[in-house]
Amino acid sequence: MKTVLFVAALALMGAAPAMAQDASASPVFGQVSLDAGFDDGAPLQRRFRGGGPNDASHLPGACTGNVGTPPDFRVTYSAGGQPLIFRSVSGADTALVINGPDGRWYCDDDSFGDLDAEYRFDRPQSGVYDIWIAVINGREADATLVVSER
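In this text the structure is predicted, and so the values were computed from the model without any measurement. (Residues numbered from 1 in each chain as written. Predicted model: local features only at pLDDT ≥ 70, side-chain atom pairs only at ≥ 80, totals over all residues. Heavy atoms only, no water.)

**Points about the overall build of the protein**
To keep things clear, this is the line we draw: Segments assigned H or I by DSSP are reported as helices when at least four residues long, segments assigned E as strands when at least two residues long, and all are numbered from the N terminus. Think of it in three bands: with a 1.4 Å probe and only protein chains considered, a residue is buried below 20% of the maximum accessible area for its type, exposed above 50%, and partly exposed in between. By definition in these notes, contact holds between two residues if any of their heavy atoms fall within 4.5 Å. The Shrake-Rupley method, run with a 1.4 Å probe sphere, supplies the accessible areas, and residue values consider only the shown protein chains as cover.
Regarding its fold elements, the protein presents one helix and eleven strands. In the protein, the order of α-helices and β-strands from amino to carboxyl end is α-β-β-β-β-β-β-β-β-β-β-β. Counting every position in the protein, which comprises 150 residues, the buried fraction comes to 45%. Restricting the contact set of the protein to residue pairs at least 6 apart, pairs at least 24 apart contribute 76%. Per element, the accessible surface of the protein, about 7800 Å² overall, is 52% carbon and sulfur.

**Observations regarding the side chain of E118**
Convention followed: N or O atoms within 3.5 Å of each other form a polar contact, as long as, within protein, one can give a hydrogen and the other can take it, and as long as residues adjacent in sequence are counted only when both atoms are side-chain atoms.
You can see E118 is positioned in strand β9 (residues 117-121). In terms of polar contacts, E118 uses its side chain to reach the side chain of R87, at 2.5 Å. Those residues in contact with E118 that lie beyond four places of it in its chain are I85, F86, R87, L96, D108, S111 and F112.

Written out as structure tokens, the structure is:
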């Protein structure tokens, strides 16, 4: 009887949808630790290749575009009284996919123009923000991640 229950439990776990994004994986293009007040007129900018083989539309939060499996970049943030803003800037159409410290998914497409995205945390939590730059209508594109408080 125990064997039958074990096999049934394994079958149910196999039926669950797999999440292609792995926020526990090491970020492909690096990571940084930032404290509130880091942006004194010079936001953090990292240039890398966004996109990937996975469709982000299966994630909650109205995500869109193609992303890789591990995060592109990781920000560990110590919050203060400032907002925390993430932007994607590219010649291609991009979107942002962010897994926040609370485990929730945050997504944006086109809040920073027709091609670029912006997600603003007005009251950010301290913790890890895993970021993917998604590419719309394509698999990969050069992009810049901008992290700012303004």
